[in-house]
Amino acid sequence: MSELNQKAVAKYQNNFLKEVEERVEDGEWVSMCMQCGVCAGSCPLGPHWEHSPQKIFRMIMAGKRDEVLTSDSVWMCTSCYSCIVRCPRKLPITHIMHGIAHYAHRLGVAPKGQPTRELASVFWKNLVKTGRVNELKFSLAVYFKDGFSQGIKNLLGMQGIALGLVKAKRLNPMEIIGGHKCKDVGGIQKMLAKAKEIEDRRQGYTS
Ligand code: SF4
Ligand code: SF4
């Protein structure tokens, strides 16, 4: 975390719930959780997670800052919305889980090598470049992120699916040359930079 970002969170050091309420998307809802466990029981990934949403919210209230911000579990949410539909207190659980993941990423404390985080990073870089996702380049970037030989293995493993997609006109090999892009790429990039600047200023971050 940069020195200025350390200063930006210093006032919360002993009150993680307050920090979440003020800096995490929809974080002001966390204290409404009554620990009924419905979200934990409804989440399709529940048995595979270390920390269910119920546990994460309890940990926030208990001030377990490091454990929450470095949790792999907040990166595992697939946005299926089962929890939101069933929560008796109507907490926007999905948004809070993504909000915590995003917050940890911005602070530079999110778990390194977390697959969902890596995928999101590759997706974002691909999208920002032209204003549209180039599916072929995106897939290749994901397959080759762990080196050339692993990339070839990944490609061979997926060749049947790739050929099927090409046949069904869902994947265009010509996209590797340039692909489609938005008319005003520079305008989109300026808009995203401005949005980031506004968010940084509002939350007292620096990058
Ligand atoms: S379902 Fe809602 S109230 Fe119940 S534990 Fe989950 S977040 Fe808390
Ligand atoms: S939206 Fe996320 S946290 Fe909620 S049930 Fe689905 S996977 Fe689990």
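In case you missed it, the structure is sitting above this.
This write-up is about the structure you can find in this document. (Residues numbered from 1 in each chain as written. Chains lettered and ligands numbered in written order. Predicted model: local features only at pLDDT ≥ 70, side-chain atom pairs only at ≥ 80, totals over all residues. Heavy atoms only, no water.)

1. Description of the site of ligand 2
1) Next: Ligand 2 sits among C43, P44, W49, P53, C77, T78, S79, C80, Y81, S82, C83 and T94.
2) Next: Split into classes, the residues belonging to the shell around ligand 2 amount to eight nonpolar, four polar and no charged. (Near = heavy atom within 4 Å. Nonpolar A, V, L, I, M, F, W, Y, C, P; charged D, E, K, R; others polar.)

2. A closer look at the packing of helix 8 (residues 115–130) against helix 11 (residues 185–203)
1) Next: Between helix 8 and helix 11, the shortest axis-to-axis distance is 7 Å and the interhelical angle comes to 130 degrees. The angle between helix 8 and helix 11 falls in the class oblique. Side by side, helix 8 and helix 11 meet where W124, V128, K129 and T130 of the first sit next to V185, Q189 and L192 of the second.
2) Next: Along the lines of polarity and charge, the residues of the contact of helix 8 with helix 11 split into four nonpolar, two polar and one charged. (Axes fitted to C-alpha atoms, helices over the stretch in contact; angles between N-to-C directions. Helix = DSSP H or I, 4+ residues; strand = E, 2+ residues; numbered from the N terminus. Parallel < 35°, antiparallel > 145°, perpendicular 65-115°, else oblique. Contact = heavy atoms within 4.5 Å.)

3. Thoughts on the nonpolar core
Across soluble globular proteins, nonpolar side chains have a tendency to be buried as a group.
1) Next: Among the nonpolar cores identified, the biggest contains 29 residues, and I56, F57, I60, I93 and I100 are the most heavily contacted of them.
2) Next: Put simply, the parts of the chain that give this core at least two residues each are helix 2 (16–23), helix 4 (53–61), helix 5 (65–69) and helix 7 (93–107).
3) Next: The element that contributes the greatest number of residues to this core is helix 7, accounting for eight residues.
4) Next: Setting aside residues up to four positions removed in sequence, I60 forms contacts with F16, L17, V20, V30, V68 and I100. (Core = buried A, V, L, I, M, F, W, Y, C linked by side-chain atoms within 4.5 Å. Buried < 20%, exposed > 50% of the residue type's maximum accessible area, 1.4 Å probe, protein only.)

4. With respect to a nonpolar patch on the surface
1) Next: On the surface, F148, I152, L155 and L156 cluster together to form a nonpolar patch covering roughly 380 Å² of accessible area.
2) Next: By secondary structure assignment, the location of L156 is in helix 10 (residues 148–167). (Patch = residues over 30% accessible without salt bridge, like charges linked within 9 Å, V, L, I, M, F, W, Y side chains within 5 Å. Areas by Shrake-Rupley, 256 points an atom, 1.4 Å probe, with all protein chains shown as cover. Salt bridge = Lys/Arg side-chain N within 4 Å of Asp/Glu carboxyl O.)

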